[in-house]
Amino acid sequence: MDTKLFVVAGNSFKNKAWMEGVVKAMEPHFSSVSYHLYEHWNTGAPILDFKKEADMFSVLIGGEKNFFIFAKSAGVTVALEAIRSRSVSPRGCIFVGTPVYWAKENDIDIEG
């Protein structure tokens, strides 16, 4: 089994613990499980810069071909932007709690 999983959490720093729990639960099922840490969690900015985070997420994935994405809430916008820009091409995705209203409230275009 050489399938990898990349996990992307929601906007709030509180989601880091959730993400770490997902990583621990999924490790037995994948050859490796990695997660993306948002820059704004360190700077104190209220919300992520989803295009910048999508670029950073793409760098984390690198040239991987055999992988899945597990994303929650605002992390779904990050994953979708990376996929939309053709930076990454996962075998599949699991999206939990899509952030439709959150994105609209924060002027994040999820329809384009």
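Being a predicted model, the structure only gives us computed values, none of them experimental.

Participant: Just give me the short version of the pattern of salt bridges, but keep the residues and values in it.
Facilitator: This model, assessed by the stated rule, comprises four salt bridges. Residue E20 pairs with K16 through a salt bridge whose shortest N-O separation is 2.8 Å. With a gap of four residues between them, E20 and K16 both fall in helix α1 (residues 15–26), about one helical turn apart. Residue classification places K16 among the partly exposed positions, given a relative accessible area of 22%. Residue E39 pairs with K52 through a salt bridge whose shortest N-O separation is 2.7 Å. Of this pair, E39 sits in the loop between β2 (32–35) and α2 (40–43) while K52 is found in helix α3 (residues 50–61), placing the two residues 13 residues apart along the sequence. On the accessibility criterion, E39 (33% relative accessible area) is partly exposed. Taking relative accessible area as the criterion, K52 reaches 37% and is therefore assigned partly exposed.

Conventions adopted
Residues numbered from 1 in each chain as written. Predicted model: local features only at pLDDT ≥ 70, side-chain atom pairs only at ≥ 80, totals over all residues. Heavy atoms only, no water. Salt bridge = Lys/Arg side-chain N within 4 Å of Asp/Glu carboxyl O. Helix = DSSP H or I, 4+ residues; strand = E, 2+ residues; numbered from the N terminus. Buried < 20%, exposed > 50% of the residue type's maximum accessible area, 1.4 Å probe, protein only.

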